[in-house]
Every structure is written in structure tokens, then in C-alpha cells.
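This is what each chain is made of:
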Amino acid sequence: MPVSGMRRRDAAALALATVTALAGLTAWLLGEVDLGVRLGAAGDGDLEGFVQVVDVVPDSLAEYYGFSPGWVVVEIQRHDGSMAAQADSPYSNDADAIGQTGEYLRFVTEDVPEREIDYIFAALLDTEQAPYYVMNGSSLNRFQLTGRLEGGGILLLVGIGLGLATAAAVGRGWMGEARRAEGTVAGVAVATPLMALPLLYVGSPGTTVAAASLPALGMLPLAWSLAGAQPTEAWAVRLRGLAVGLALLAIIVASRPLFGADGGARQAALLAVAIALAPAVAGALAGDIAGEGRLEHLTMGLVPAAAALVAVATFPELTPLALLVVGVIAWRAVPARLVARLPIGPRQSHEPAKAPQPTPEASEELVLEHDGPTGRARRDVAALTIGAATFAAGLLTCCEIPAVIFGALFGGIVAFALHRGLLGSGWRTAAIPVGAAVAVPVMALAFGTDGGTQYLARLVLPATAALPVAHLLAWRHPDPAWRPALFALSVVLTVVVGLLVAGSSVGGPLPDGPFELGDSSTRLTIYLALGFIALVPALGGAFAEQPDGAVGPTGRLDLLAIGLTPGAAMTVLPGFSPTFWILGLWILALVAWRRFTIAPLLGMAQRTQRQRDLAVAAVEAERARLAADLHDDALQEISALVRRLDAAGDTENAELARGVAERLRAITSDLRLPLLDDLGAGPALEWLVGRVRPLADGEVTLERSDPDRPPPNVELAVFRVAQEALANAVKHGSTPITVRYRVADDGGVSLSVDDAGPGIEPDAADRALQAGHLGMANMQQRAQQIGALLDVRRWPTGGTHVRLEWRPQ
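Residues numbered from 1 in each chain as written. Predicted model: local features only at pLDDT ≥ 70, side-chain atom pairs only at ≥ 80, totals over all residues. Heavy atoms only, no water.

### Some details on the overall build of the protein
For the protein, the helix and strand inventory stands at 26 helices and 12 strands. For the protein, buried positions account for 47% of its 809 residues. For the protein, long-range pairs separated by at least 24 residues make up 67% of all intrachain contacts whose partners lie at least 6 apart in sequence. As displayed, the protein offers around 37,900 Å² of accessible surface, 61% of which is attributable to carbon and sulfur atoms. (Helix = DSSP H or I, 4+ residues; strand = E, 2+ residues; numbered from the N terminus. Buried < 20%, exposed > 50% of the residue type's maximum accessible area, 1.4 Å probe, protein only. Contact = heavy atoms within 4.5 Å. Areas by Shrake-Rupley, 256 points an atom, 1.4 Å probe, with all protein chains shown as cover.)

Shown next as C-alpha cells:
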């Protein structure tokens, strides 16, 4: 294909792959390894006259192998096999820690240029603890490192072959027909990290920066394509911006050795992993696609991410990549008929291609949020600000940059999953606060545990990040008086955490405070307060009374799940060794609960709802058809018959025919309900009561207050329920009969029909259904169709009470 016919991203990817391959081949063929250690004469004192490590190049081989400035050189061997001159030192070592048996240690006295060194051994001395002076030691073997470079050259060739195979597999449809065009960018993303390995293994600052930056750039075209698969353009733009930002950050982190700072090659490799994974995970969670399609989309990011992981270890880390490649090949080798039986397989043809959207009536998961767009925006901005501040501060620390990057990526995945409906559409607005509350504790691991301001930030930042979640949960409480009180309690818990840490012996600004963080009761108080910041308003909302019935069991469990999630994220903080398994198991449990327990139940409820809607629609369509047939055929013929009888002078039969015509017109009106369509339920009920009054042989009254008309489907259900209830009252009850119809200011609708008869028996509905009478079942079906409550009961003093209540959602 000519370049003019290629997409820009394909051309850019191929150009980057070419540059990376040429640079890697050049580094491999030249075979020069830079040890990254600079030697010089020791200072004054007992070490004067000896050679020591003066400087270690950031991100160099010497740094990887543990060399540090100030170490004393014990042994040097040149390329020609000669040894550098040594002399006895005044230090003895009875422990024989460095492999010498003499009474005194021998140190190198001759400064050898780095390019001539074939082997070097240096040690860290402790001159204050006689007679054991050697605390640590490390060595560099150029022959061994040159072998590693040669192995990197072989991996370069493997990377080229694997990239070509990936491009061919994707182009032939292995990852789905929709991704055939992404073969080139996928192949480049897989090949680039492997082709850059010789540059990394050379060890010089410039080649290390290039080796860390090129894989991140190689992921960009693929990330751009994967982001474009989003169903909404807004999310595609966000994911592309995230990929570009991560790539720039990777280049900045990788370039730190050029400015004398600590190296960031491993951190840049992790950022390259994030570039590939972020849009892949987002695409796998987004849209309405089959399970196999989601797995294909995820695999498009997993394989390049595993390739980028090759560079995070001192020697190539090939296990994840090899396992993924073998897994993909095995997956695609399984016959299609077996794949179709797996949970990740494609949907069967008899299932609908598109699942219906959940409705509040079917799911019972709606939790009303009593907060406006302005409040939600401020809450999101606060959560993002806390997360961004933690991310920026964490990157400035020395030792836990991977935790910062992982925390940000993990929190972003949680936020995206919530936004895509993991807990239902009612929790989309919780995406940013919950994502930040999950990310901040993990990113806070970058701050030390030895006390001071860093330990204060380690605990206070996660506490503050839980406050937006607490605000969201508090403002979902049905009682306005409880909302500020619950949020105030969360704020108090946050202040308690800050005071306990700040006023402890190691916590920060108040080192002489009354609290001791080493005390188990103080630490327990802190972590309990952290966990309850978001849980307190969740408990308040979950156990609150819901007078309008808007929150079902699922909604209450969702409240508790959201409230527990920040606390689960806090479990990574205690101790010196983070425990991620609690947070990971909690997230997996949420996904399993929603996807494999709640989702099937909601799907069943939605199918039942849709079947009920179709049944009601079919009944109304059949009524309309019968009304049209009666009006156009039977009623017209009877009218013609009346005219002929009148013309013949047969008045008796003419009057009889007129009576039949009037009855047909009444039946047609009952079936078609033009009055309901034109004027609404109130006038239609007046007409219905007027028709029923002569049949009841007593008082039948209507009390109505309907300044506004509810939705048409609600009016239809109200009329049909009233029609059935009045028919039952006339047949089984007695007058007076009272009908009450009311439309409230908030749009709620209530209908009640009361009679003075003996009252309905408790098992009357079941006996009527067994006898083939469907009146009660029809009323219940009408109520369920609009999500209303229907109550049919006998008053203690006698009489039947039928009540229908509907509230707008």
C-alpha cells in the first residue's frame, strides 16, 4: 500500500518502528556496554590513597546492581586480564565477608578508566563497628553484561517477528472483523519494547532514555485506535488525551538521568503499560457488545502491555508475554462450537442482539440524589483536585512511583466502570468521587511511614478523598434534615484522623502530642475513622425509611457497597508492606455480584416488564381493532337497518334496532376511549361514573383534583383500574360508591374506589383466578406496567377499598 493511501497513525507507527529497529541494531552490533560507574581517589582519613566510587549514573547498570557513591573499590580486572594495583588497608575483617582470608583488607590504589574495566567489585564499609567492616558489596562483570546485550539483540529479532505475526493475525481477523484495520499499530506496539532492549542494555544515559521513551511512543497509535472504538465521542477524546498525557509523562520520567536526577526507566515502562491498557479496558467495559468482543478488545491492549513489561527487570521479564501469546493462540485454536459454549463466547442467535435498557420499575435500583448539577460538579472537582495533588506529590517522592501510577490507573478503571453502569445507571454520578477515593490510598503509599509530614499526608489525603463520596451518599438520604448531619459526621471523622496523626509522636507538625502511633489503640482508632468516613452516610441512607418506595433492596445494597469501597481501599495503608488483596477481592466481589447475580435478575425483570408491556399493548391494539370493526361494519349495518325499518313503518323493530346500536356505540366507546385520549383521565372518569350510576341503583360519586394531566400510559392504567373496580363494586358490593382521583403538584397520581358492600375476602383474588375471572389480575398487570402500587383490601367495618398510587421517577 502506498504511503499516501495509509492512515497517518499507521505511517507514524511504521516510522517509529523503523527508527527503533535501526537504533536497536546499531546498539547491538557495536556491543559497547557502559557500566555507569565513575571512580576517583578517596578523601582524607584511613582511606586516603585508595579508589572509591565517586558517582553512579542514574538509571545505569551500576545503579541497577546496587553501586552507590562512597563505596570503596576492592578489586578491578582489565580487558587484558591484568589486575589493578592493590594495597593493604588499616581495616581488618574477621568475618571474611568479601572472600579474602588475610588479616587486613586490600583495596585498589590505581584509578582505571571505566572503558577499560572488565570486572569491578566495591564494598560499603562501616568503620565504627569493629571488627566487622564490610556491610554490603556488589560487582559488575562486563562480559556478563555484554552477553545480556547480545541476548537483547536476539530479542530484537524476536520482537520484529512477533510484531509481524501480530499485525498479520489482527489483519486476518483474529481480534474481530472490526479491528482488522488495527493490525499495523498493534504489531508496532508489540514489537517496539522488544526492539528497544539493546538500547536499554547498553546502559548509557542517552540510550536508556531512548529505550524508555520509544515503547511509550509505540503504544500511542494503538491507544488512539482503541480509544476511537468508544461509543461516545466525548469518551474517545478523553482516552486519547489520557494516552498522550501518559506518553509525555513517560518521556519526562525517562529523561530524568539527563538532568542528573534519579532514573525512571522502569517507571516509564509501567507508564507504557498504562498507555496500552487504559483504552483497552475502557473499550472492554463500554458499549453493548458480546463477551467475546470485549475479550478481543482487552487482548489488544494486554499483549502490548506484556511486551512493555519486558523492560521492568534487570534481565528480560518474558513470562507474562509468553503466557499471553500462548493463551491467545490456544484461545483461537479452540473450535468455534466450543467457544460458543463458554461464558465469554458470542451470544446465541436466538438471543436479542441488544439488551433492553434497565428501567426503574424493573430493577428497583434507583436511588434518588437530592443534589443539583452545581453540587455534583463541585464534588467532582474536589475529588479530582485531591487525586491530582496526591498524584503530583507522589511522583516527587523517590521510591514508590509505580504505586502512584498503578493507583491512578486503577482508580480510573473503577471510575470508568461506574460510569458505564457497573452499579446501574443511578450511580453514574458517583464515578469520579469513588474512583478518586480508590486511587488516593494506593497513590499515598509513596509517602513514608517513618513520621513527619509524609506520614501525615499518607493518612490525611485518603481521609479527605473519602469526603466527596460521603457527600454523595449523604445527599441520597430521603430526609433533608439528615443530609448535612451525616456529612458533618464524616467531616468530624476526617478531622479526628488529622488530629490523631498530627498530634502523635511521629505524625508531623505536633511531634510532642499526646498520641502514640505505635500504640495499637491509637492506630485502630485512626483506621476505623478512615473506614467510617464514607460508610456512616451509607448506613444512614441504607436503613432510612423510603416513603415513596423509590429504593428497593438492590438500591440499599448499592449504598452500602459504595460506602464500603473507600474503606476497602484504605486497607493498603497499614503496616510497611501494603496488602492489596483485600481491595482486589472487594472489587472482584462487586463485579461478580453485579454481573453474575444482580444483572441476570435485572435482565429477567426487564424481560418480564417488556413482556407485560407487550401484552398490555396487544390488548389495547386488539380493543382498537374491535372498536373499528364494530363501528365500520356492524354499527353501520344496524344503522342502515334502522332506516329501512323506519321507512317501512315498523316502529317496534326500529326501536329495538336503535337500542342494539346504542349498546354497540357504548361498547365501541369503552374499547376505543377517544374521550380519554382527547381530554384526559378526569373527564373520562366522569363519563364512566355517569354510565355506571344507573346500573348501581344508588349513589356513585366522583371526587377529582387534577390540574395537570399525567403521562398517557398512566391515564390509561388509571381508567382501566377504575373501570374494573367499578364493575366489581356494582356486581359484588353496594352503594354508596366513591371514586377519588387526584394529581399532586409533584406529578404523583392516586386513585381510590370504595364501596359499602360486605368487602372482599382475603383469598378472593386467588379463587377468581382459578375460576377464570381475570379482573384482579388485569388490575395488577396495569399497575405493574406503569410501576404503580395497587392495594385491594376489606375495611374492618365492611366494604372494599381499591387504591392505585403512582409516583414519577
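### Overview of the nonpolar core
In terms of nonpolar packing, the biggest core is built from 95 residues, with Leu39, Val53, Phe67 and Ile76 touching the most fellow members. A per-element tally of this core places helix α8 (residues 265–285) first, with 11 residues. Beyond its immediate chain neighbours, meaning those up to four positions away, Ile76 contacts Leu39, Ser82, Met83, Ala84, Val108, Val112, Ile117, Tyr119 and Ile120. With 53 residues, the next largest nonpolar core counts Leu467, Val469, Leu472 and Val536 among its residues. (Core = buried A, V, L, I, M, F, W, Y, C linked by side-chain atoms within 4.5 Å.)

### Overview of the packing of aromatic side chains
Counted by the stated rule, this structure contains five aromatic pairs. Seen from their ring centres, Phe50 and Phe107 are 5.4 Å apart, and the 90 degrees between their planes marks the pair as edge-to-face. Residue Phe50 is located in the loop between β1 (37–41) and β2 (51–56), and its partner Phe107 is located in strand β5 (residues 104–108); the two are separated by 57 residues in the primary sequence. What makes Phe50 buried here is its relative accessible area of 6%. Assessed through its relative accessible area of 0%, Phe107 is described here as buried. Geometrically, the ring pair formed by Trp235 and Phe416 is edge-to-face, given 4.6 Å between the ring centres and 85 degrees between the ring planes. Taken together, the residues span a long stretch of sequence, with Trp235 in helix α7 (residues 233–254) and Phe416 in helix α14 (residues 401–419) at a distance of 181 residues. The ring of Trp235 has Arg238 lying over it, and the distance from NZ or CZ to the ring centre is 5.0 Å. It is Arg476 that lies over the ring of Trp427; its NZ or CZ is 4.1 Å from the centre. (Phe/Tyr/Trp six-rings, centres within 6.5 Å; stacked < 30°, edge-to-face > 60°. Lys NZ or Arg CZ within 6 Å of the ring centre and 35° of its normal.)

### Describing empty space enclosed by the protein
This model, assessed by the stated rule, comprises one cavity of 30 Å³ or more. Each pocket or cavity is described by its volume, and for the largest cavity that value is around 120 Å³. Forming the walls of the largest cavity are 15 residues, and the residues nearest its centre are Ala211, Ala212, Pro215, Ala269 and Ala311. Residue assignment for the lining of the largest cavity shows that the elements contributing at least two residues are α5 (197–202), α6 (205–227) and α8. At five residues, α8 tops the list of elements feeding residues into the lining of the largest cavity. In terms of residue class, the lining of the largest cavity is made up of 14 nonpolar, no polar and one charged. (1 Å grid on protein atoms, 1.4 Å probe; cavity = no way out; pocket = protein on both sides within 12 Å on 5 of 7 lines; lining within 4 Å. Points joined across faces, edges and corners; volume = space filled by probe spheres on them. Nonpolar A, V, L, I, M, F, W, Y, C, P; charged D, E, K, R; others polar.)

### Focus on the sheet that holds strand β12 (residues 800–806)
As summarised here, the arrangement of the five strands in space is β8-β9-β10-β12-β11, forming an open sheet in which the pairing is mixed. The open sheet terminates on both sides in strands that have one partner only, identified here as β8 (700–705) and β11 (789–794). Taking the axes of each pair of neighbouring strands and ignoring which way they run, one obtains an average angle of 10 degrees across the sheet. Two strands pair when backbone bridges link them, and strand β10 (residues 749–754) and β12 are joined in this way by six bridges, in the antiparallel orientation. The partner of Val753 across the bridge, within β12, is Val802. Running over the sheet, helix α23 (residues 681–696) touches β8, β9 (737–743) and β10 and is turned about 170 degrees from β8. Contacts between helix α24 (residues 712–732) and the sheet are confined to β8, β9, β10, β11 and β12, with β10 contributing the most and set at about 10 degrees to the helix. (Pairing = 2+ DSSP bridges. Axes fitted to C-alpha atoms, helices over the stretch in contact; angles between N-to-C directions.)

### Section: the pattern of salt bridges
Applying the stated rule across the entire model yields 10 salt bridges. Here Glu715 ties to Arg709 by a salt bridge, and the two come within 2.7 Å at their closest N and O atoms. Here Arg740 makes a salt bridge to Asp754, at a shortest N to O gap of 3.2 Å. Within this pair, whereas Arg740 is found in strand β9, its partner Asp754 is found in strand β10, the two being separated by 14 residues in sequence. Relative accessible area serves as the criterion here: at 12%, Asp754 is assigned to the buried category. Among the charged side chains, a network of salt bridges with common partners joins Glu686, Arg704 and Asp706. (Salt bridge = Lys/Arg side-chain N within 4 Å of Asp/Glu carboxyl O.)

### What to know about helix α15 (residues 431–443)
When the terminal C-alpha atoms of α15 are compared, their 18 Å separation across 13 residues agrees well with the 18 Å that a helix rising 1.5 Å per residue should span. α15 sits mainly inside the fold: 12 of its 13 residues count as buried. Among all positions in α15, only Ala431, Pro433, Val434, Gly435, Ala436, Ala437, Val438, Ala439, Val440, Pro441, Val442 and Met443 are buried. (Expected span 1.5 Å × (residues − 1).)

### Overview of a nonpolar patch on the surface
Taken together, Leu524, Leu528, Phe532, Leu539 and Phe543 make up a surface patch of nonpolar side chains, about 500 Å² in accessible area. Relative to the helices and strands, Leu524 resides in helix α18 (residues 520–542). (Patch = residues over 30% accessible without salt bridge, like charges linked within 9 Å, V, L, I, M, F, W, Y side chains within 5 Å.)

### A look at the environment of Thr207
Within the secondary structure, Thr207 is located in helix α6. Its relative accessible area of 18% is what places Thr207 among the buried residues. Measuring from C-alpha to C-alpha, the distance between Thr207 and Ala27 comes to 8.5 Å, with 180 residues separating the pair along the chain.

### A short note on the packing of helix α1 (residues 8–30) against α6
Axis separation between α1 and α6 bottoms out at 10 Å; the angle between their running directions is 160 degrees. Between α1 and α6, the angle falls in the class roughly antiparallel. Classified by chirality, the crossing of α6 by α1 is left-handed. The segment α1 lies against α6, with Arg9, Ala13, Leu16 and Thr20 engaging Leu214, Leu217, Gly218, Pro221, Trp224 and Ser225. Grouping the amino acids of the contact of α1 with α6 by side-chain chemistry returns six nonpolar, three polar and one charged. (Parallel < 35°, antiparallel > 145°, perpendicular 65-115°, else oblique. Left-handed = near helix turned anticlockwise from the far one by under 90°.)

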